[in-house]
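# Structure assessment
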Amino acid sequence: MDQVREALRAQHYSIHTEESYVRWIKRFILFHDKRHPQTMDVPEIEAFLTHLAVDQNMAASTQTQALSALLFLYREVLQTELSGPIDRFRAKQPGHRVPTVLTQDEVRRLLDALPGSASTQLVVRLLYGAGLRLIEALRLRVGDLDIDHRQIDHRARP
């Protein structure tokens, strides 16, 4: 697992992705009675993903995340090509949903009603107004703000 973490960090994956991938890889190994991944190939991956869909009733997006973790393991950590394409039973994709959208007045009232400190309210307003993820908003620094152009630029970090 240390090799997996090192490879993920070397490619600048987020800590949340790292934790998720490590959990999926551990589940895969435990599902196959602690066999080393180098001794397994496409049939074992397919069996695990099918188990997630059929026995665990997991969503298609969850299966995709598990598959991404396993592909990362084989390609980036073990540097092994799988013997063929992965054909698995997929969980049913959810139907097309129309998103719920708030009016400007509803958003304003919601933001005005936020409890907590000014810093908490600022973070929530950044999440909504700038479309930031929580971790991005929490990691912002004063140097990331371009007041003259009313922009946030976190890419300029060393």
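Refer to the structure above for everything that follows.
Residues numbered from 1 in each chain as written. Predicted model: local features only at pLDDT ≥ 70, side-chain atom pairs only at ≥ 80, totals over all residues. Heavy atoms only, no water.

### Regarding a nonpolar patch on the surface
- Taken together, the side chains of L145, I147 and I152 present a nonpolar region at the surface, about 270 Å² in accessible area.
- Relative to the helices and strands, I147 is located in the loop between β1 (145-146) and β2 (151-152). (Patch = residues over 30% accessible without salt bridge, like charges linked within 9 Å, V, L, I, M, F, W, Y side chains within 5 Å. Areas by Shrake-Rupley, 256 points an atom, 1.4 Å probe, with all protein chains shown as cover. Salt bridge = Lys/Arg side-chain N within 4 Å of Asp/Glu carboxyl O. Helix = DSSP H or I, 4+ residues; strand = E, 2+ residues; numbered from the N terminus.)

### Quick notes on the pattern of salt bridges
- One pass over the full model with this rule turns up 6 salt bridges.
- Ionic pairing is found between D105 and R109, a salt bridge with its closest N-O pair at 3.4 Å. Linking D105 with R109, this pair stays in helix α5 (residues 104-112), spanning 4 residues, or about one helical turn.
- On the accessibility criterion, D105 (43% relative accessible area) is partly exposed.
- Where R133 meets E136, a salt bridge forms, and the shortest distance between an N and an O atom there is 3.2 Å.
- What emerges from the salt-bridge pattern is a single network uniting R5, R9 and E18. (Buried < 20%, exposed > 50% of the residue type's maximum accessible area, 1.4 Å probe, protein only.)

### Quick word on the packing of aromatic side chains
- Summed over the entire model, instances satisfying the criterion amount to 6 aromatic pairs.
- Geometrically, the ring pair formed by W24 and F48 is edge-to-face, given 6.4 Å between the ring centres and 75° between the ring planes. A residue pair is termed long-range when its members are at least 10 positions apart, and W24 in helix α2 (residues 15-31) and F48 in helix α3 (residues 42-54) qualify at 24 residues.
- Under the relative-accessibility criterion, W24 is labelled buried at 7%.
- By way of ring pairs, the aromatic residues W24, F28, F31 and F48 are connected into one cluster. (Phe/Tyr/Trp six-rings, centres within 6.5 Å; stacked < 30°, edge-to-face > 60°.)

### Some details on the packing of helix α1 (residues 2-10) against α2
- α2 packs onto α1 with a crossing angle of 150° between their chain directions and a minimal axis gap of 10 Å. By the criterion of interaxial angle, the relationship of α1 to α2 is roughly antiparallel. The chirality of how α1 crosses α2 is right-handed. Contacts from V4, R5, L8 and R9 in α1 reach E18, Y21, V22 and I25 in α2. (Axes fitted to C-alpha atoms, helices over the stretch in contact; angles between N-to-C directions. Parallel < 35°, antiparallel > 145°, perpendicular 65-115°, else oblique. Left-handed = near helix turned anticlockwise from the far one by under 90°. Contact = heavy atoms within 4.5 Å.)

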